[in-house]
Amino acid sequence: MNIEEKRIEGWLTGKGSIGHITLDKLAIPETVKVTLDDEILIPESFDIYGHPNFTEEQERLFSFKEDDLERKVGKYVPLKAKIEYKERIFDVPRDSFDTISGIEKSLTNLSDLNEMLNNRRLFHKAHENERLNEFMILGCFHLDVFGQVMSVPRGEMSGLYSYGIVERFEDFCENNETFSLSSNGYAIPNANSVCPCCGRPFTIDDMKRYEPCIYVNGKYYHYHCHRKYRRLMEVDKLTRQLMDMVYKNTDYSFELLRNGYCTGECCSHIPWILFHTVDGDIIMGWRKRVISIEWQENYKAFDMKELFGTEDVTKWKEGEKRGIHAWGDAKAFEYLEKVRKVVNPKYSNY
């Protein structure tokens, strides 16, 4: 029986915050017993290593106890739980997950693929002083010496040369002199995962046809499904959720413009919008955390200094164009509404 003393660490995952204890060895979940101040703590779940996960509420309660201890002793003292467990022996043959032939056999379905990847992670945990071989699979996923998986950045699969669905990483590097890897690139979905946009289950054939998948906010999406969905969501934010509060939707039309701030993969699918309102034209679009608002030459006259002189934000005037940066939706509405009331005081959108 192994005995360790560890803190419950707060972790932020794709599905929210959890508590977690990282043990020194692989554990058999059924044998794990966690106690804190003689109180038994029941884990919500276990990760692939057999290490316990706790709910966000359990982690917060632990933090409260640690805060109380600090107040009592006058300094920070880490509060540790006692964990008893039996070690899990990892005995999966290495050639099934650390050779080209073994990896190729796993690429028949997502279940086998994920099992192979987990076995690489388990091997590294059980043999931390040993290094795995490095491979590139499916043209974009890098299996590293520590059992982790990274991918080429989103949008950068085209132009890379891959000779087979599994190849040695050094061979891939020789054929592709310049490329980068990212921990926030493409993802390998779990078996039975379904894209929430199109409703199609993910299959290994998606991976083999280079139809990439991404993981966002705890969900797997087809890359192109998510880009289309996000594009429509951003258009909706600036039209129905914002401009509809300033003008009746029958009193304006709009055109989608190229993103005026960023043309990279992260933002190129998010348009800026040219609004044709009853008072003139307005261009709006996101610049990082602010919304750029620019009233065009044909928009009715108003005094920028009089309306926004006290606002400590970026403002500009170029000819008859007038612009301002709004920190979020609420400020954007405030600015648009303030101008509209000046140029068209009798207007009502009710």
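Structural notes, computed from the coordinates. Predicted, not measured: the structure shown is a model, and the values here were computed from it.

When helices and strands are tallied, the protein chain shows 8 helices and 20 strands. Against the globule reference of 20 Å for 350 residues, the protein chain gives a C-alpha radius of gyration of 27 Å, more extended than a compact globule. Dimensions along the principal axes, computed over C-alpha positions, put the protein chain at roughly 80 × 65 × 35 Å. For the protein chain, with 350 residues in total, the buried portion stands at 43%. Sequence-distant contacts, at least 24 apart, represent 58% of the contacts inside the protein chain between residues at least 6 apart. Put simply, the protein chain shows about 19300 Å² of open surface, and 49% of that area lies on carbon and sulfur atoms. Of the charged side chains in the protein chain, 48 are positive and 57 negative; the average position of the first set lies 5 Å away from that of the second.

It is worth spelling out the side chain of E4 at this point. Structurally, E4 can be placed in strand β1 (residues 2-6). Classification of E4 as buried rests on a relative accessible area of 9%. Among the polar contacts made by the side chain of E4, one reaches the side chain of Y85 at a distance of 2.4 Å.

Turning our eyes to something else, we now look at the sheet that holds strand β18 (residues 290-295). Taken in spatial order, the 6 strands of this open sheet run β15-β16-β17-β18-β20-β19, and their pairing is antiparallel. The sheet is open, and its two edges are formed by β15 (252-257) and β19 (315-318), each paired on a single side. With strand direction ignored, the average angle separating the axes of adjacent strands in the sheet is 20°. Bridging between strand β16 (residues 272-277) and strand β17 (residues 280-287) involves 5 bridges; their strand directions are antiparallel. Residue pairing across strands places I273 opposite M284, the latter belonging to β17.

The subject of this paragraph is the layout of surface pockets. Considered as a void within the structure, the largest pocket measures approximately 1400 Å³ in volume. Looking at the largest pocket, it is lined by 37 residues, and the ones nearest its centre are G14, R121, N190, Y215 and Y220. Of all the elements, helix α3 (residues 110-126) adds the most residues to the lining of the largest pocket, at 4 residues. Split into classes, the residues belonging to the lining of the largest pocket amount to 15 nonpolar, 16 polar and 6 charged. At the level of elements, β13 (213-216), β14 (219-222) and α6 (223-238) are the ones that each hand at least two residues to the lining of the second largest pocket.

A word on the pattern of salt bridges. Where charged atoms of side chains with opposite charge meet at close range, the side chains can pair. As enumerated under the stated definition, the model contains 21 salt bridges in all. One salt bridge in this structure joins E4 and K6, with 3.9 Å as the shortest N-O distance. With a relative accessible area of 21%, K6 lands in the partly exposed category. A salt bridge links K125 to E128, with the shortest nitrogen-to-oxygen separation between them at 3.6 Å. For K125, a relative accessible area of 16% corresponds to the buried category. Taken together, the shared-partner salt bridges connect R94, D98, R120 and E130 into one network.

Rules and cut-offs
- Residues numbered from 1 in each chain as written.
- Predicted model: local features only at pLDDT ≥ 70, side-chain atom pairs only at ≥ 80, totals over all residues.
- Heavy atoms only, no water.
- Helix = DSSP H or I, 4+ residues; strand = E, 2+ residues; numbered from the N terminus.
- Rg over C-alpha atoms; globule rule 2.2 N^0.38 Å.
- Buried < 20%, exposed > 50% of the residue type's maximum accessible area, 1.4 Å probe, protein only.
- Contact = heavy atoms within 4.5 Å.
- Areas by Shrake-Rupley, 256 points an atom, 1.4 Å probe, with all protein chains shown as cover.
- Lys, Arg positive; Asp, Glu negative; His and termini not counted.
- Charge placed at Lys NZ, Arg CZ, Asp CG, Glu CD.
- Polar contact = N/O pair within 3.5 Å; in protein donor to acceptor, adjacent residues only side chain to side chain.
- Pairing = 2+ DSSP bridges.
- Axes fitted to C-alpha atoms, helices over the stretch in contact; angles between N-to-C directions.
- 1 Å grid on protein atoms, 1.4 Å probe; cavity = no way out; pocket = protein on both sides within 12 Å on 5 of 7 lines; lining within 4 Å.
- Points joined across faces, edges and corners; volume = space filled by probe spheres on them.
- Nonpolar A, V, L, I, M, F, W, Y, C, P; charged D, E, K, R; others polar.
- Salt bridge = Lys/Arg side-chain N within 4 Å of Asp/Glu carboxyl O.

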